[in-house]
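Structural overview
Spelled out, the chains give:
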Amino acid sequence: MEEDRLLVQRLLAGDESALRRFFDEYFDRLYRFAYARLRGDAALAEDAAQTTLTRALRGLAGFRGEAGLFSWLAQICRNEIADLVEKSARTNAHTVSLDATGSARDAAHAVAAPEAAGDKALAGAERLRVIRQVLDELPGRYGEMLELKYIEEWDVERIARRVGLSFEAAQSQLQRARLAFRSALEVRGLSATDLLP
Amino acid sequence: MNDDESETAALLGQLKIAPSDAARARSFAKLQQEFAELQAPAQPRSRARWAIAAGVAALAAAGVSWTTLQPEVLVAKVEALDGAVEARGSHWYSRAARLDAGHSVAAGDSLAVGADAGVLLRVSGDLTVRLAAGSQARVTAADEIELIVGQVFVDATPGARAPLRVVTPSGVVTHLGTQYLVRAAHDEVEVAVREGRAQLTTGKSTTIAAAGHWLLQHAADPAPLTGELTPADPRFEWIATLPSEFRLEGATLAQFLAWFQRETGLAPVYSEGVDAGNFAHVQLKGSIDDLDPLEALSYVLATADLAWHREGAKVIIEKPPAVGG
């Protein structure tokens, strides 16, 4: 939290090195955050992450620091994703009507991506979306802690500092978070094997 | 890793997706453009836009990793270290690595000092920075350090041009010379000046502390509290555990005592009956590596057949008591 406040203070003061740090720290995380929600569309995920950082920069003075900086960015990113999904849905509706009679396009698809491979890719994207959703719906800071540990690959000591816990308490919370994650999958009738490639 | 943990790692590991370097380059360039416009709202924008757009195009066309193009700027060297201190670079791919004496610290490195550790960084011949146990800091440049939590002790040679800003969450400390300590906690910052003066700037006020004084600014207070340091102030006790390097071989006793005074804040004084002029020019031999300054003083004075005792903020140098007398 202190790190977040300090970073925001420096950005507001116009410190360019802080801008690079802001980008390094959050762009990839936001990209991943958006990627799973946008069913693996890399271009849209890039757009969402980039627009989120730009919007955050404009509204930085409004960051109060009650929640972590990433939580604040994630909220902005959710709104961006909602906008992108809506725009994409409008475009797709239009595209489908053209594709309905686009035999040339069907043929091109058949050459570029065999049907089986296409299905598998879609299943992969859906898998990521489900895992992301389960993670987001975990109570308290479980989702964030699991994300930091297994996606961002932070060590427990760094996670403990980030969430303001002792090392032992963070370890114990991570253990509970793993159990909560597994339970949340079971509630959906899913097991780990359903979600592994 | 147990089964439960392996399973979670395997599931969540699927979300470890990284954008391409080109995507990073494009996005950072756009963010820089936005930042530049926010910083200079009054300036004509069209030229700046063209210049930045050209930069964006060049970066995107190059399609190379912008991060790897950033040269590392080395800003300090680890001169002394006690315990576990970790450094982590500023790049997204940087990992924490344990520091050792002689290692370099680059601009942007974040440092985490272990609970029983400490480190002395030499920024230049005229500037050292010590970090106390439990500190977390980021060395942003040769003249700036972010202290997130913990304590730093800054030592700049009097009269030398060795600027440094210590940025804490509660305020910024700059020195007007030359030895001071900054402690940052969640919602307060404290400055204790051993020599020279230091300036604390917060969102509420700017205050200068002179040698022998401390300032404490708490978030809830409108202005900092101030007070005087005692001759043997416990705030500085940890400093002596991380002495800066001193090459004893060939140095004079006067040079050694000057180093000793900077390290400890204790003023050496010759007692009556000791020929100060004569002893000051005594040439020293040997090494004081691995000795703290007080141990070094005992060692050095013994070679000149002298002894010492402490009186408040002074060490009195005297002839040793006669044996059996």
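Residues numbered from 1 in each chain as written. Chains lettered and ligands numbered in written order. Predicted model: local features only at pLDDT ≥ 70, side-chain atom pairs only at ≥ 80, totals over all residues. Heavy atoms only, no water.

1. Concerning the overall build of chain B
Summing up its helical and strand segments, chain B has 7 helices and 18 strands in all. The long-range share in chain B, meaning contacts at least 24 apart out of those at least 6 apart in sequence, stands at 49%. Here chain B has roughly 15,500 Å² of accessible surface; of this, 54% comes from carbon and sulfur atoms. (Helix = DSSP H or I, 4+ residues; strand = E, 2+ residues; numbered from the N terminus. Contact = heavy atoms within 4.5 Å. Areas by Shrake-Rupley, 256 points an atom, 1.4 Å probe, with all protein chains shown as cover.)

2. Here we look at the overall build of chain A
The helix and strand inventory of chain A stands at 9 helices and 0 strands. Considering only contacts within chain A whose residues lie at least 6 apart along the sequence, 62% involve residues at least 24 apart. When the accessible surface of chain A is summed, it comes to about 9,900 Å², and 53% of that surface belongs to carbon and sulfur atoms.

3. Overview of the packing of helix H8 (residues 156-163) of chain A against helix H9 (residues 167-187) of chain A
All names here are of chain A. In the contact formed by H8 and H9, the axes pass within 9 Å of each other and the chain directions differ by 100°. Here H8 lies roughly perpendicular to H9, going by the angle between them. Residues Val156, Glu157, Ile159 and Ala160 of H8 form the contact with H9, whose participating residues are Phe167, Ala170, Gln171 and Leu174. Partitioning the contact of H8 with H9 into residue classes produces 6 nonpolar, 1 polar and 1 charged. (Axes fitted to C-alpha atoms, helices over the stretch in contact; angles between N-to-C directions. Parallel < 35°, antiparallel > 145°, perpendicular 65-115°, else oblique. Nonpolar A, V, L, I, M, F, W, Y, C, P; charged D, E, K, R; others polar.)

4. So, the nonpolar core
Formed by 66 residues in total, the largest nonpolar core has its most connected members in Leu11, Phe22, Tyr26, Leu53, Leu146 and Phe181 of chain A together with Leu12 of chain B. Ranked by the residues each element gives to this core, the list is headed by helix H2 (residues 16-37) of chain A, at 12 residues. Apart from the residues lying within four places of it in its own chain, the contact partners of Tyr26 of chain A are Asp4, Leu7, Leu53, Leu69, Phe70, Leu73 and Arg162 of chain A. By size, the runner-up hydrophobic cluster in this structure holds 36 residues, among which are Val75, Leu127, Ala198 and Ala209 of chain B. (Core = buried A, V, L, I, M, F, W, Y, C linked by side-chain atoms within 4.5 Å. Buried < 20%, exposed > 50% of the residue type's maximum accessible area, 1.4 Å probe, protein only.)

5. Concerning the side chain of Ser135 of chain B
Residues and elements named next belong to chain B. By secondary structure assignment, the location of Ser135 is in the loop between strand S7 (127-131) and strand S8 (136-141). Judged by relative accessible area, which is 1%, Ser135 ranks as buried. Here the side chain of Ser135 touches Gln151 through a polar contact of 2.9 Å, landing on its backbone nitrogen. (Polar contact = N/O pair within 3.5 Å; in protein donor to acceptor, adjacent residues only side chain to side chain.)

6. As for the confidence of the model for chain B
Residues and elements named next belong to chain B. Mean pLDDT over chain B works out to 82, with 87% of the residues at or above the 70 mark. Scored below 50 in pLDDT, residues 42-50 shows 3 contacts in the model against residues more than four places distant or in partner chains. Across the assembled chains, the prediction reports ipTM 0.74 with pTM 0.50. (pLDDT = per-residue confidence, 0-100.)

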